[in-house]
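# Notes for the structure review
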Amino acid sequence: MSGLATFPEWAAVLVALLVIAGAAITLIGAIGLVRFGSFFERVHAPTLGTSFGAAFVLLASAVYFSVLQARPVLHEVLIFVFITVTTPVTLMLLARATLYRDRVEAAATTPARGDRGQSGPRARRGAAGRER
Amino acid sequence: MSATIIFWGVAIAQVMLALAMAAATWRLLRGPRAQDRVLALDSLYLSAMLVLVTFGIRTGSTVYFEAALVIGVVSFVGTLALAKFLMRGEVIE
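Only a predicted model underlies this, so the values are computations on that prediction, with no experimental measurement involved. (Residues numbered from 1 in each chain as written. Chains lettered and ligands numbered in written order. Predicted model: local features only at pLDDT ≥ 70, side-chain atom pairs only at ≥ 80, totals over all residues. Heavy atoms only, no water.)

### Looking at the nonpolar core
What counts is decided by this rule: Working definition of a nonpolar core: buried Ala, Val, Leu, Ile, Met, Phe, Trp, Tyr and Cys residues. They are joined through side-chain atoms within 4.5 Å. Working definition: with a 1.4 Å probe on protein chains only, accessible area under 20% of the residue-type maximum means buried, over 50% means exposed, and in between means partly exposed. Runs of H or I in DSSP of at least four residues are treated as helices and runs of E of at least two as strands, each being numbered from the N terminus. Between two residues, a contact is recorded if the distance between any of their heavy atoms is within 4.5 Å.
F7, V19, Y64 and I79 of chain A together with I6, M49 and I57 of chain B are the most contacted members of the largest nonpolar core, which totals 36 residues. Among the elements of the structure, helix 1 (9-35), helix 3 (47-69) and helix 4 (76-105) of chain A together with helix 1 (2-30), helix 2 (34-59) and helix 3 (63-88) of chain B are those that each provide at least two residues to this core. Top contributing element to this core by residue count: helix 1 of chain A, with eight residues. Look past the residues within four positions of M49 of chain B in its chain and what remains in contact with it is I79 and I83 of chain A together with A68, I71 and G72 of chain B.

### Focus: the pattern of salt bridges
How we decide: A pair is scored as a salt bridge if a Lys or Arg side-chain nitrogen falls within 4 Å of a carboxyl oxygen belonging to Asp or Glu.
Under the defined criterion, the tally for this structure stands at two salt bridges over all chains. Here R42 of chain A makes a salt bridge to D36 of chain B, at a shortest N to O gap of 2.8 Å. Pair noted here: R42 of chain A is in helix 2 (residues 39-42) and D36 of chain B is in helix 2, and the two residues belong to different chains. A single burial state applies to R42 of chain A and to D36 of chain B, both of which are buried.

### What to know about the environment of V63 of chain A
Residue and element names in this part refer to chain A. Secondary-structure assignment places V63 in helix 3. The buried category is assigned to V63, whose relative accessible area is 19%. Distance in space between the C-alpha atoms of V63 and L18 is 9.5 Å, their sequence separation being 45 residues. Setting aside chain neighbours within four positions, we find V63 in contact with L14 and V15.

So far we have only geometry, and geometry alone does not tell us how the molecule works.
Structure representation (C-alpha coordinates):
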(Lines give C-alpha, C1' and ligand atoms only; values in the text may rest on other atoms or scores of the structure.)
Protein backbone atom coordinates (compact mmCIF):
# COMPACT_ATOMS: atom_id res chain seq x y z
CA MET A 1 0.00 0.00 0.00
CA SER A 2 2.60 2.52 -1.09
CA GLY A 3 0.57 5.02 -3.09
CA LEU A 4 -2.35 5.17 -0.68
CA ALA A 5 -1.21 8.43 0.93
CA THR A 6 -2.12 10.30 -2.25
CA PHE A 7 -5.15 8.15 -3.06
CA PRO A 8 -8.16 10.48 -3.57
CA GLU A 9 -11.05 9.99 -1.17
CA TRP A 10 -13.80 9.95 -3.80
CA ALA A 11 -12.12 6.98 -5.44
CA ALA A 12 -11.74 5.24 -2.08
CA VAL A 13 -15.44 5.69 -1.33
CA LEU A 14 -16.34 4.47 -4.82
CA VAL A 15 -14.13 1.38 -4.47
CA ALA A 16 -15.54 0.58 -1.02
CA LEU A 17 -19.16 0.97 -2.15
CA LEU A 18 -18.65 -1.13 -5.28
CA VAL A 19 -16.86 -3.94 -3.49
CA ILE A 20 -19.49 -4.05 -0.71
CA ALA A 21 -22.34 -4.02 -3.26
CA GLY A 22 -20.79 -6.87 -5.22
CA ALA A 23 -20.16 -8.95 -2.11
CA ALA A 24 -23.70 -8.32 -0.85
CA ILE A 25 -25.25 -9.44 -4.14
CA THR A 26 -23.09 -12.57 -4.12
CA LEU A 27 -24.15 -13.27 -0.53
CA ILE A 28 -27.83 -12.91 -1.47
CA GLY A 29 -27.31 -15.44 -4.25
CA ALA A 30 -25.64 -17.87 -1.86
CA ILE A 31 -28.47 -17.47 0.66
CA GLY A 32 -30.91 -18.28 -2.13
CA LEU A 33 -28.85 -21.39 -2.86
CA VAL A 34 -29.45 -22.51 0.71
CA ARG A 35 -33.09 -21.53 1.12
CA PHE A 36 -34.83 -22.43 -2.15
CA GLY A 37 -36.75 -25.67 -2.18
CA SER A 38 -36.08 -27.54 -5.41
CA PHE A 39 -33.09 -27.77 -7.71
CA PHE A 40 -34.76 -25.86 -10.55
CA GLU A 41 -35.30 -22.92 -8.21
CA ARG A 42 -31.82 -23.17 -6.74
CA VAL A 43 -30.11 -23.10 -10.13
CA HIS A 44 -31.18 -19.47 -10.54
CA ALA A 45 -29.76 -18.14 -7.29
CA PRO A 46 -25.96 -18.16 -7.82
CA THR A 47 -26.34 -16.31 -11.11
CA LEU A 48 -26.78 -13.15 -9.03
CA GLY A 49 -23.13 -13.60 -8.11
CA THR A 50 -22.00 -14.42 -11.63
CA SER A 51 -23.65 -11.35 -13.14
CA PHE A 52 -23.75 -8.21 -10.99
CA GLY A 53 -21.83 -9.53 -8.00
CA ALA A 54 -18.76 -10.29 -10.07
CA ALA A 55 -19.30 -7.14 -12.17
CA PHE A 56 -19.25 -4.81 -9.15
CA VAL A 57 -16.27 -6.44 -7.45
CA LEU A 58 -14.26 -6.49 -10.68
CA LEU A 59 -15.24 -2.89 -11.42
CA ALA A 60 -14.02 -1.91 -7.96
CA SER A 61 -10.72 -3.63 -8.65
CA ALA A 62 -10.41 -1.89 -12.01
CA VAL A 63 -11.15 1.54 -10.50
CA TYR A 64 -8.69 0.93 -7.65
CA PHE A 65 -5.76 -0.08 -9.83
CA SER A 66 -6.53 2.58 -12.44
CA VAL A 67 -6.38 5.35 -9.83
CA LEU A 68 -3.44 3.80 -8.00
CA GLN A 69 -1.27 3.44 -11.09
CA ALA A 70 -2.65 6.58 -12.81
CA ARG A 71 -3.36 4.69 -16.01
CA PRO A 72 -6.29 2.60 -17.20
CA VAL A 73 -6.01 -0.96 -15.88
CA LEU A 74 -8.68 -3.03 -17.58
CA HIS A 75 -7.55 -6.64 -17.28
CA GLU A 76 -10.49 -7.35 -14.94
CA VAL A 77 -12.68 -7.18 -18.04
CA LEU A 78 -11.08 -10.46 -19.08
CA ILE A 79 -12.46 -12.29 -16.04
CA PHE A 80 -15.88 -10.71 -16.44
CA VAL A 81 -16.18 -11.63 -20.11
CA PHE A 82 -15.05 -15.17 -19.38
CA ILE A 83 -17.60 -15.60 -16.56
CA THR A 84 -20.41 -14.06 -18.60
CA VAL A 85 -19.73 -16.39 -21.51
CA THR A 86 -19.21 -19.62 -19.56
CA THR A 87 -21.86 -19.49 -16.81
CA PRO A 88 -24.94 -19.95 -19.07
CA VAL A 89 -23.25 -22.85 -20.83
CA THR A 90 -22.45 -24.75 -17.65
CA LEU A 91 -25.75 -24.06 -15.90
CA MET A 92 -27.88 -24.99 -18.90
CA LEU A 93 -25.92 -28.21 -19.31
CA LEU A 94 -26.37 -28.93 -15.60
CA ALA A 95 -30.11 -28.20 -15.71
CA ARG A 96 -30.51 -30.42 -18.75
CA ALA A 97 -28.63 -33.24 -17.03
CA THR A 98 -30.90 -32.81 -14.00
CA LEU A 99 -34.00 -32.96 -16.17
CA TYR A 100 -32.70 -36.12 -17.79
CA ARG A 101 -31.97 -37.74 -14.43
CA ASP A 102 -35.35 -36.73 -13.02
CA ARG A 103 -37.18 -38.18 -15.98
CA VAL A 104 -35.24 -41.42 -15.75
CA GLU A 105 -36.22 -41.71 -12.11
CA ALA A 106 -39.74 -40.31 -12.76
CA ALA A 107 -39.47 -37.94 -9.81
CA ALA A 108 -42.59 -36.15 -8.62
CA THR A 109 -41.22 -32.62 -9.12
CA THR A 110 -40.21 -33.17 -12.74
CA PRO A 111 -41.56 -30.49 -15.07
CA ALA A 112 -44.22 -31.91 -17.36
CA ARG A 113 -43.14 -32.92 -20.81
CA GLY A 114 -44.72 -31.30 -23.86
CA ASP A 115 -46.26 -28.39 -21.99
CA ARG A 116 -45.06 -26.02 -24.69
CA GLY A 117 -46.00 -28.19 -27.60
CA GLN A 118 -42.45 -29.33 -28.17
CA SER A 119 -41.86 -32.07 -30.67
CA GLY A 120 -39.05 -33.67 -32.54
CA PRO A 121 -35.64 -34.40 -31.08
CA ARG A 122 -36.32 -33.36 -27.48
CA ALA A 123 -39.42 -35.52 -27.14
CA ARG A 124 -37.72 -38.44 -28.86
CA ARG A 125 -34.68 -38.15 -26.67
CA GLY A 126 -36.87 -38.08 -23.58
CA ALA A 127 -38.64 -41.24 -24.69
CA ALA A 128 -35.32 -42.94 -25.38
CA GLY A 129 -34.09 -41.88 -21.96
CA ARG A 130 -37.07 -43.45 -20.25
CA GLU A 131 -36.49 -46.75 -21.98
CA ARG A 132 -32.91 -46.99 -20.78
CA MET B 1 -8.33 8.46 5.33
CA SER B 2 -8.48 6.72 1.98
CA ALA B 3 -6.60 3.76 3.38
CA THR B 4 -9.11 3.47 6.23
CA ILE B 5 -12.11 3.61 3.88
CA ILE B 6 -10.69 0.96 1.58
CA PHE B 7 -9.57 -1.24 4.48
CA TRP B 8 -13.02 -1.33 6.07
CA GLY B 9 -14.89 -1.64 2.79
CA VAL B 10 -12.77 -4.59 1.72
CA ALA B 11 -13.02 -6.14 5.19
CA ILE B 12 -16.84 -5.99 5.16
CA ALA B 13 -16.90 -7.40 1.63
CA GLN B 14 -14.59 -10.25 2.62
CA VAL B 15 -16.81 -11.16 5.55
CA MET B 16 -19.83 -11.23 3.23
CA LEU B 17 -17.99 -13.37 0.69
CA ALA B 18 -16.87 -15.72 3.46
CA LEU B 19 -20.53 -16.10 4.51
CA ALA B 20 -21.41 -16.81 0.87
CA MET B 21 -18.71 -19.50 0.78
CA ALA B 22 -20.09 -20.97 4.00
CA ALA B 23 -23.60 -21.10 2.51
CA ALA B 24 -22.27 -22.81 -0.63
CA THR B 25 -20.32 -25.28 1.51
CA TRP B 26 -23.47 -26.07 3.49
CA ARG B 27 -25.30 -26.85 0.29
CA LEU B 28 -22.30 -28.86 -0.95
CA LEU B 29 -22.33 -31.07 2.15
CA ARG B 30 -26.09 -31.22 2.59
CA GLY B 31 -27.48 -31.09 -0.95
CA PRO B 32 -29.92 -33.91 -1.49
CA ARG B 33 -28.67 -34.95 -4.91
CA ALA B 34 -25.53 -34.81 -7.00
CA GLN B 35 -26.61 -31.87 -9.14
CA ASP B 36 -27.12 -29.72 -6.04
CA ARG B 37 -23.56 -30.46 -5.01
CA VAL B 38 -22.23 -29.55 -8.46
CA LEU B 39 -24.15 -26.27 -8.37
CA ALA B 40 -22.81 -25.53 -4.89
CA LEU B 41 -19.26 -26.26 -6.07
CA ASP B 42 -19.72 -23.80 -8.93
CA SER B 43 -20.97 -21.14 -6.51
CA LEU B 44 -18.03 -21.87 -4.21
CA TYR B 45 -15.60 -21.37 -7.07
CA LEU B 46 -17.16 -18.01 -7.86
CA SER B 47 -17.01 -16.80 -4.25
CA ALA B 48 -13.38 -17.90 -3.93
CA MET B 49 -12.53 -16.03 -7.11
CA LEU B 50 -14.14 -12.83 -5.82
CA VAL B 51 -12.33 -13.22 -2.48
CA LEU B 52 -9.04 -13.36 -4.39
CA VAL B 53 -9.97 -10.16 -6.24
CA THR B 54 -10.66 -8.42 -2.91
CA PHE B 55 -7.31 -9.67 -1.60
CA GLY B 56 -5.75 -8.03 -4.64
CA ILE B 57 -7.45 -4.72 -3.73
CA ARG B 58 -6.30 -5.04 -0.11
CA THR B 59 -2.65 -5.74 -0.87
CA GLY B 60 -2.43 -3.57 -3.99
CA SER B 61 -0.70 -6.27 -6.04
CA THR B 62 -1.90 -7.72 -9.33
CA VAL B 63 -0.65 -11.24 -8.56
CA TYR B 64 -4.03 -12.21 -7.14
CA PHE B 65 -5.71 -11.26 -10.40
CA GLU B 66 -3.95 -14.08 -12.24
CA ALA B 67 -4.93 -16.56 -9.56
CA ALA B 68 -8.55 -15.40 -9.91
CA LEU B 69 -8.38 -15.87 -13.67
CA VAL B 70 -7.04 -19.42 -13.24
CA ILE B 71 -9.84 -20.22 -10.78
CA GLY B 72 -12.39 -18.93 -13.30
CA VAL B 73 -11.04 -21.20 -16.04
CA VAL B 74 -10.82 -24.24 -13.74
CA SER B 75 -14.36 -23.58 -12.52
CA PHE B 76 -15.69 -23.66 -16.08
CA VAL B 77 -13.90 -26.87 -16.99
CA GLY B 78 -14.74 -28.60 -13.71
CA THR B 79 -18.45 -27.79 -13.71
CA LEU B 80 -18.74 -28.69 -17.39
CA ALA B 81 -17.08 -32.08 -16.82
CA LEU B 82 -19.29 -32.82 -13.81
CA ALA B 83 -22.49 -31.85 -15.65
CA LYS B 84 -21.43 -34.00 -18.57
CA PHE B 85 -20.78 -36.87 -16.20
CA LEU B 86 -24.23 -36.51 -14.65
CA MET B 87 -25.78 -36.52 -18.11
CA ARG B 88 -24.11 -39.55 -19.62
CA GLY B 89 -22.20 -41.32 -16.91
CA GLU B 90 -18.90 -40.62 -18.66
CA VAL B 91 -16.99 -37.43 -19.38
CA ILE B 92 -15.44 -38.24 -22.76
CA GLU B 93 -17.58 -40.21 -25.14
